[in-house]
Amino acid sequence: MSELFKDIPEFVETNIGESVTARTETLATFRELGPPDLCQVIKSSGSKTAQKDLGSYHYCSGVEASSSASLAAYLNSLQFSVEEDTAWFGKGHGWKVRSGTYCCFNAFSRVDMRVDVKIPGGVDAYVVDLRGDKHAATPELWQETYLSALLRAIRYADDASYRLAGYRKLDPITTPEAEARFLKAAEALFFKGWQLGSDPEIQVATVVTNHLTSAVLKYFQDSFRLDRAANLFERMMVNEPEVAALVARSYIGMNEEIKAVKTMHSALSSNPQSYPILHAQCDFLLSKGKPEWAQQIAQQAVNSAPSEFITWAKLTETYIELGQFDQALLTLNSCPMFTFNERDLHRMPTPLKTHLPVKKFIAESGILDEESARDNEADVALIRLPAPGLRGTFAKAYSLLTLLVSKIGWDELLKTRSQVFVMEEEYRLHKTSASVEMNGFTADEDASTTGVRGGSSAGGGEPNTPSDIPTIRISTESTRTPNGTTFQHQKKESQSQPMDTVLEKPEMAQVNDEPNSPIGMKADDVSEEGEEEEDGDGNGTNQPPSAFANKRLCERWLDNLFLVLYEDLRVYTIWRAEISHFKTQHMSYRKTGTEWEILGELASRLHHKEEAKDAFQRCLDSKFSAKALIKLLEMYATEGDLQRTLNAAIRLTTYHHRWYMDAAYPSMIAHYLFKLGLIHGHAKIQYTLLSMNLPVGIFEIMQGYMKYGATFNVEGSEF
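Residues numbered from 1 in each chain as written. Predicted model: local features only at pLDDT ≥ 70, side-chain atom pairs only at ≥ 80, totals over all residues. Heavy atoms only, no water.

1. A closer look at the overall build of the protein
Counting its secondary structure elements, the protein contains 26 helices and 9 strands. Sorting the 719 residues of the protein into buried and exposed places 54% on the buried side. Put simply, 74% of the contacts in the protein that link residues at least 6 apart link residues at least 24 apart. Carbon and sulfur atoms form 49% of the exposed surface of the protein, whose accessible area is close to 31,500 Å². (Helix = DSSP H or I, 4+ residues; strand = E, 2+ residues; numbered from the N terminus. Buried < 20%, exposed > 50% of the residue type's maximum accessible area, 1.4 Å probe, protein only. Contact = heavy atoms within 4.5 Å. Areas by Shrake-Rupley, 256 points an atom, 1.4 Å probe, with all protein chains shown as cover.)

2. Some details on a negative patch on the surface
A cluster of acidic residues, Asp411, Glu412, Glu425, Glu504 and Glu507, forms a negative patch on the protein surface. Structurally, Glu412 is set in helix H16 (residues 410-420). Of the residues examined, Glu412 reaches a relative accessible area of 36% and is grouped as partly exposed. (Patch = residues over 30% accessible without salt bridge, like charges linked within 9 Å, V, L, I, M, F, W, Y side chains within 5 Å. Salt bridge = Lys/Arg side-chain N within 4 Å of Asp/Glu carboxyl O. Lys, Arg positive; Asp, Glu negative; His and termini not counted. Charge placed at Lys NZ, Arg CZ, Asp CG, Glu CD.)

3. Description of unusual backbone geometry
A cis amide bond links Ile119 to the next residue, Pro120, at an omega of -15°. Its place among the elements puts Pro120 in the loop between strand E5 (111-118) and strand E6 (123-128). Residue Pro666 is bonded to the preceding Tyr665 through a cis peptide linkage, with omega at 5°. Considering the arrangement of structural elements, one finds Pro666 in the loop between helix H23 (642-658) and helix H24 (668-680). The phi torsion at Phe224 lies on the positive side, around 55°, for a residue other than glycine. Counting through the fold element by element, Phe224 comes out in the loop between helix H5 (211-222) and helix H6 (226-237). Residue class for Phe224 comes out partly exposed when judged on its relative accessible area of 26%. Positive phi, close to 50°, is recorded for Asn693, a residue that is not glycine. Topologically, Asn693 is positioned in the loop between helix H25 (682-691) and helix H26 (696-711). The exposure class assigned to Asn693 is exposed, which follows from its relative accessible area of 70%.

4. Observations regarding the side chain of Asp344
The residue Asp344 is located in the loop between helix H12 (325-333) and strand E9 (353-355) in this model. For Asp344, the side chain forms a polar contact with the main-chain nitrogen of Arg31, separated by 3.0 Å. There is a polar contact of 3.0 Å between the side chain of Asp344 and the backbone nitrogen of Gly34. (Polar contact = N/O pair within 3.5 Å; in protein donor to acceptor, adjacent residues only side chain to side chain.)

5. A short note on H26
Across its 16 residues, H26 extends 22 Å between first and last C-alpha, which sits within 8% of the 22 Å expected from 1.5 Å per residue. Buried within H26 we find Gly697, Ile698, Ile701, Met702, Tyr705, Met706, Tyr708 and Gly709. Taken together, the buried residues of H26 touch helix H4 (176-188), H5, helix H13 (360-365), H23, H24 and H25. (Expected span 1.5 Å × (residues − 1).)

6. Concerning the nonpolar core
In this structure, Phe182, Phe233 and Trp410 are the most contacted members of the largest nonpolar core, which totals 173 residues. In terms of residue count, the dominant contributor to this core is helix H19 (residues 556-584) (13 residues). Apart from the residues lying within four places of it in its own chain, the contact partners of Phe182 are Tyr146, Leu147, Leu150, Leu151, Ile154, Ile173, Val216, Tyr219 and Phe220. Phe5, Tyr74, Trp95 and Val97 belong to the second-largest nonpolar core, a separate cluster that totals 29 residues. (Core = buried A, V, L, I, M, F, W, Y, C linked by side-chain atoms within 4.5 Å.)

7. What to know about the pattern of salt bridges
Under the criterion given, the structure shown has 29 salt bridges. Glu179 is paired through a salt bridge with Arg225; the nearest N and O atoms lie 2.7 Å apart. With Glu179 in helix H4 and Arg225 in the loop between H5 and H6, this pair connects stretches of sequence that are 46 residues apart. Residue Glu179 is classed as buried on the basis of its relative accessible area of 1%. Its relative accessible area of 6% is what places Arg225 among the buried residues. Between Lys627 and Glu601 there is a salt bridge whose closest N-O contact spans 3.9 Å. Of this pair, Lys627 sits in helix H22 (residues 626-639) while Glu601 sits in helix H20 (residues 593-605), and the two are 26 residues apart along the sequence. Taken together, the shared-partner salt bridges connect Arg249, Asp283, Lys314 and Glu317 into one network.

8. Focus on the pairing of strand E4 (residues 96-106)
Here E4 lies mainly inside the structure; 9 of its 11 residues are buried. Across 8 bridges, the pairing between E4 and E5 is antiparallel. Across the sheet, Phe105 pairs through a bridge with Asp112, a residue of E5. In this structure, the hairpin formed by E4 and E5 is closed by a connection of 4 residues, where Arg110 is found at a positive phi of approximately 60°. (Pairing = 2+ DSSP bridges.)

9. Things to note about the state of the cysteines
Throughout the structure, instances matching the rule amount to 0 disulfides. The structure places no disulfide on Cys39, whose sulfur is separated from the nearest cysteine sulfur, that of Cys60, by 5.6 Å. Residue classification places Cys39 among the buried residues on the basis of a relative accessible area of 1%. (Disulfide = S-S within 2.5 Å.)

10. Brief notes about the environment of Ala267
By secondary structure assignment, the location of Ala267 is in helix H8 (residues 257-270). A relative accessible area of 6% places Ala267 in the buried class. With 25 residues separating them along the chain, Ala267 and Glu242 place their C-alpha atoms 7.1 Å apart. Residues within four places of Ala267 in sequence aside, it is in contact with Pro241, Ala244 and Ile277.

11. Observations regarding the confidence of the model for the protein
Per-chain confidence: the protein averages 83 in pLDDT, with 81% of residues scoring 70 or above. Scored below 50 in pLDDT, residues 439-501 makes 157 contacts in the model with residues more than four places away or belonging to other chains. In the model, residues 511-546 has pLDDT below 50 throughout and makes 82 contacts with residues more than four positions away in sequence or in other chains. (pLDDT = per-residue confidence, 0-100.)

12. Quick word on the packing of helix H7 (residues 244-253) against H8
Each pair of packed helices can be described by the angle between their axes along with the distance between the axes. As a packed pair, H7 and H8 sit with axes 8 Å apart at the nearest point and diverge in direction by 165°. When the axes of H7 and H8 are compared, the pair comes out roughly antiparallel. Between H7 and H8 lies a crossing of left-handed hand. Here H7 contributes Ala244, Val247, Ala248, Tyr251 and Ile252 to the contact with H8, which in turn contributes Glu257, Lys259, Ala260, Thr263, Met264 and Ala267. Broken down by class, the residue content of the contact of H7 with H8 amounts to 8 nonpolar, 1 polar and 2 charged. (Axes fitted to C-alpha atoms, helices over the stretch in contact; angles between N-to-C directions. Parallel < 35°, antiparallel > 145°, perpendicular 65-115°, else oblique. Left-handed = near helix turned anticlockwise from the far one by under 90°. Nonpolar A, V, L, I, M, F, W, Y, C, P; charged D, E, K, R; others polar.)

13. Regarding the side chain of Asp559
Position of Asp559 among the secondary structure elements: in helix H19. The class for Asp559 is buried, based on a relative accessible area of 1%. At 2.7 Å, the side chain of Asp559 and the side chain of Arg417 are in polar contact.

Here's what the structure looks like:
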């Protein structure tokens, strides 16, 4: 007789109740929407005189948290998931759920709503604050808790950084009535949304830019039903004109562009300094091929909110579209950078036992080849590429840098960089001559962080980026990295000229004592003399006044991003050179599944879509990879390839259900299936699924997506 659940993940506690205690101790560390819900149960076995107790827990989302009754119902439902007694004689004393505690974080009031259930027995609901003190639960707190739980389920449905073992995801909204209740709660708490925080690229959350508005847009945008979101935002716009930005975006998503333009015009007439409205207009102009108009709007947004990263990033984007690459670099250099905060997650003690069961129909389907997923060997130089470690504003800034290099190429980017920034050699020459007349200002001072004239200085940190970037060579002279690790190729015939002759390594843009320091490390202040040098007035120096008159000092974090980009481009160039060589020699080019996965992500970062697609397909030929499937699902759906999209969706859905992600919506799979419905129609998708002879359990899961479309009348569902 097993004491564990049949199909539900769980972690067995060493000491009963330790998971709830650990959650209480970490409540004060939660900064935004909070962690997943925690469900802790105590199971008992044996007679009353010789009773054995066992405590276990799992994480979950999607459980309705509108009242103590709904949470108690979930705890009671767990009784039916305990393994049945298999005793031959009599019923015996099997394991049963005796009690449980459900914890759900209220992100508005920063408290933990908890429900204790005794089976059979009563239900006790209470609130635990950040200090661990108990308080009574009120209807207002329940409403906030209900909406907080829904927002977590929507926002983090597909968030790669929010995945953890033993996390059970259920459908948060299953009926039109539940959706109406969600909208009603969102309307009631709309003007408290700024308390929840926002995306990491936004420094200050507002009524318009926060997790609540982002969740509403994501939920309805993914199902192509933005009319429901527009109705909500229109009502809110009466009290807050800046919400017009959300209304306009909803209209554009509904192909109601005339209404969107009228809304933006009216809103900007009364509030011309609102950067969310200006950005909505900017995005619309860019989509219509009017970057010169968009640039003027983006400049106005920067003037309105100069301390926000996204305003500078949007201006950089418009300069790239205009082909003004020098201005794009200078603007990118001015972006204020923020420290990335990790998602709110639990810090639990090591469990006594981990139970991650596989559902029977998934194990029998044969769709998942989990043994192949263990093919994780890869060259150390590929594994240690620093770009995947970028987060928040640094990741966004890097995407703009890769977009820039895709437009003009590496050599032209370096040339443009040397034209707008003070380079290391000329800076040292200037410092050497200036030190003769300027006491206390020596050549080895770090002046890497003087901002662009009129811009903001960068701060923040990026602790996840490796500071030691390995060197890769494809010459016969050396196959070792500076730290002693070896970079070996499948065939010696693939070795070509040294990489330095193919790709020029970037010179440091300024003096930096730690050129490989972590990206985003907080910069040192620059002395007043250094600022005078940047202004290029020529006072107290033998250099011509024009040497620095039109140049700026590059921020350290941007200098490091150039090194990251160099590593990406170098590995990419090696890869393409090797493939070309092997094709010429009519030889087979082989990599492990993990290496193909990394190379696919590399090509995708550098905007080489076809190469990325090929690498991801080769990855799936070698091993099962959820990352590759997600990327291919997006590519196939965008191309309108029905058969391949369905194949990818089926494998990815099976993988999700293997790891207890049982929610049909919201998910990227549902979004792309709805997108296929717009292209091909529901009937054709249904017919194709029937012709694929899927296992019964998998077919029922796929039907769940179709059922959602029928229930909520998703556009493209022909019922």
